[in-house]
Amino acid sequence: MAISLYIHVPFCIRKCRYCDFVSYTYDPEAARRYRVALLREMALYHERLAPQERQLKTIFIGGGTPTCLPEEDLAAILEGCSRYFQWLSGVEVTVEANPGTVDLQKLRTLRSAGVNRLSLGVQSSSAPLLKLLGRLHDFNQAVEAVHLARRAGFDNLNLDLIFAIPGQTLADWQGCLEKILDLQPEHISAYSLQIEENTPLARAVAEDGVIPCDEETELAMYRGVINMLTARGFEHYEISNFARPGYRCQHNLTYWYNRPYLGLGPAAHSCLGDERFYNVSSLEEYESCLLAGELPVAGCEKLSRSTMMAETVFLGLRLIEGLDLEKFAARFGENIEEVFGAQIKRLCSLGLVEIRSGRLRLTSRGLPLANTVFREFVLP
Ligand code: SF4
């Protein structure tokens, strides 16, 4: 079966205040060593995977900030992807980029190396909120990045946004969405801010009196983005994702359909067949494993049938269209009611999920409570 490929680029120019991803301050020498190691990792998988597992439906180069790498490094990574893997026709190739780390030349290099989707981390249009988040860029740079991407030939642009930022009002959020819509992206991701432990933002909340957004405002912002974007022709196809018709993110759909993917780079996760495994997160350890000719895998889990069923359900429920029950039965040889009948009955009676047209889906009441619903499907 063809797979999706994720590549983690673990560098950023500077750490954002809310971020708990694995990323290091960009340094040209460390980036050069990372590139050598990454190409070795690709070569090792080329030797070990069956030919059909080297066929790629999608590629996603994320991070970190991939575009803080010089264009030669990005071109070499993409060249490695085509040397060691086979790109299926129509392959979707996404690169994550941050405003302030792209110029026309770099974007043209990406485009001519086969990248056909750009995901820009805009996050907000408000200067004080971008400052609070510790973002490197301002909104003008985000607008400039969108224009440069269009000039470089990108006709599939995602803009990432964050809402429920401390101090943000509903009116701020609506104003931000208006400005984003003016940029005419094909895709928008809108996630509510999670204040993760041990981040500078969490410390600011604990020690400096920064007040997190309250639940009621967060919910109003979530309902607001759904109403506003669907009224402007976007399909709300996943809890936090919106696309113009024909522009759903194929790579992320791989995860939500619970299909196989390979992750390369420090801390990247993979799921192939009934095995899930993940790489070491330390860049040093990652490089030394690969220098020694070994895969940098830190842990591996054999997935039981019940785990795979549960994951298929709650990942499928992330999609607004829901989980296709016939496909579930065909994949696992059991009807969903035989496995999760009690949970579905309970959640239906609470009005959080429904079965319609052969699909199990979250109701509009269940959408903001998705995590509570998902917990119901984890089998003991
Ligand atoms: S750009 Fe992204 S990965 Fe880098 S520090 Fe900011 S949030 Fe984290």
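As a starting point, this report considers the structure included with it.

A few points about the overall build of the chain
Phase 1: Across its full length, the chain carries 14 helices and 17 strands.
Phase 2: In terms of C-alpha radius of gyration, the chain reaches 21 Å, essentially the compact-globule figure of 21 Å for 380 residues.
Phase 3: For the chain, the C-alpha atoms occupy an extent of roughly 60 × 50 × 40 Å along the three principal directions.
Phase 4: Taken across its 380 residues, the chain has 39% of its residues classed as buried.
Phase 5: Taking as baseline every contact in the chain between residues at least 6 positions apart, the subset at least 24 positions apart corresponds to 71%.

Section: the site of the ligand
Phase 1: If you check the shell around the ligand, you find Cys-12, Lys-15, Cys-16, Cys-19, Phe-21, Ser-23, Gly-63, Gly-64, Thr-65, Asn-98 and Gly-121 and nothing else.
Phase 2: Split into classes, the residues belonging to the shell around the ligand amount to four nonpolar, six polar and one charged.

Focus: the packing of helix H1 (residues 28–48) against helix H2 (residues 71–84)
Phase 1: At their nearest, the axes of H1 and H2 sit 10 Å apart, and the two run at 5 degrees to each other. Taken together, the axis directions place H1 and H2 in an arrangement best described as roughly parallel. Counted together, Ala-31, Arg-35, Leu-38, Leu-39, Met-42, Ala-43, Tyr-45 and His-46 of H1 and Asp-73, Ala-76, Ile-77, Gly-80 and Tyr-84 of H2 form the full contact between these two elements.
Phase 2: Here the residues of the contact of H1 with H2 are counted per class, giving nine nonpolar, two polar and two charged.

What to know about the pairing of strand S7 (residues 157–163)
Phase 1: In terms of residue burial, S7 counts as a mostly covered element, since six of its seven residues are buried.
Phase 2: Bridge count between strand S6 (residues 117–123) and S7: five bridges; the pairing is parallel. Within S7, the position partnered with Leu-118 by the bridge is Leu-157.
Phase 3: Across six bridges, the pairing between S7 and strand S8 (residues 187–192) is parallel. From the neighbouring strand, Leu-159 faces S8, where its bridge partner is Ile-188.
Phase 4: Crossover connection from S7 via helix H6 (residues 170–182) to parallel S8: handedness right-handed.

Quick word on the sheet that holds strand S17 (residues 359–362)
Phase 1: As summarised here, the arrangement of the three strands in space is S15-S17-S16, forming an open sheet in which the pairing is antiparallel. Each edge of the open sheet is held by one strand with a lone partner, namely strand S15 (323–324) and strand S16 (353–356).
Phase 2: Alignment of S16 against S17, held across four bridges, turns out to be antiparallel. Bridging from a neighbouring strand, Arg-356 pairs with Arg-359 of S17.
Phase 3: Along the sheet, helix H13 (residues 336–349) contacts S16 and S17; its crossing angle with S16, the most-contacted strand, is approximately 125 degrees.

Description of the packing of H6 against helix H8 (residues 215–231)
Packed helix pairs are characterised by how far apart their axes lie and by the angle those axes make with each other.
Phase 1: Two numbers describe how H6 lies on H8: the axes approach to 10 Å, and their chain directions differ by 25 degrees. By the angle between their axes, H6 is roughly parallel relative to H8. Considering the relative orientation of H6 and H8, their crossing is right-handed. Facing H6, whose interface residues are Leu-170, Trp-173, Gln-174 and Leu-177, H8 presents Thr-217, Ala-220, Met-221, Gly-224, Val-225 and Met-228.
Phase 2: When the residues that make up the contact of H6 with H8 are grouped by side-chain class, the tally is seven nonpolar, three polar and no charged.

Here we look at the environment of Cys-16
Phase 1: Within the fold, Cys-16 resides in the loop between strand S2 (11–12) and strand S3 (24–25).
Phase 2: In sequence terms Cys-16 and Leu-133 are 117 residues apart; their C-alpha atoms lie 6.1 Å from each other.

Topic: helix H5 (residues 139–151)
Phase 1: If you check H5, its first and last C-alpha atoms are 19 Å apart, about what 13 residues at 1.5 Å a residue would give, namely 18 Å.
Phase 2: For H5, the full list of buried residues reads Phe-139, Ala-142, Ala-145, Val-146, Leu-148 and Ala-149.
Phase 3: On its buried face, H5 sits against strand S5 (86–97), helix H3 (104–112), S6, helix H4 (127–133) and S7.

Notes on the nonpolar core
Phase 1: Among the nonpolar cores identified, the biggest contains 80 residues, and Leu-5, Leu-120, Ala-149, Leu-161 and Phe-163 are the most heavily contacted of them.
Phase 2: It is H5 that provides the largest number of residues to this core, a total of six residues.
Phase 3: Those residues within four positions of Leu-120 in sequence are excluded, and the remaining contacts are Ala-97, Pro-99, Ala-142, Ala-145, Val-146, Leu-157, Asn-158, Leu-159 and Asp-160.
Phase 4: Of all hydrophobic cores here, the second largest spans 15 residues; its members include Met-309, Leu-323, Val-339 and Leu-367.

Reading guide: rules and limits
Residues numbered from 1 in each chain as written. Predicted model: local features only at pLDDT ≥ 70, side-chain atom pairs only at ≥ 80, totals over all residues. Helix = DSSP H or I, 4+ residues; strand = E, 2+ residues; numbered from the N terminus. Rg over C-alpha atoms; globule rule 2.2 N^0.38 Å. Buried ≥ 20, exposed ≤ 12 C-beta atoms within 10 Å, placed from the backbone. Contact = placed C-beta atoms within 7 Å. Near = placed C-beta within 6 Å. Nonpolar A, V, L, I, M, F, W, Y, C, P; charged D, E, K, R; others polar. Axes fitted to C-alpha atoms, helices over the stretch in contact; angles between N-to-C directions. Parallel < 35°, antiparallel > 145°, perpendicular 65-115°, else oblique. Pairing = 2+ DSSP bridges. Right-handed = clockwise from strand over helix to strand, strands pointing away. Left-handed = near helix turned anticlockwise from the far one by under 90°. Expected span 1.5 Å × (residues − 1). Core = buried A, V, L, I, M, F, W, Y, C linked by C-beta atoms within 7 Å.

Function cannot be read off these values alone, since they describe shape.
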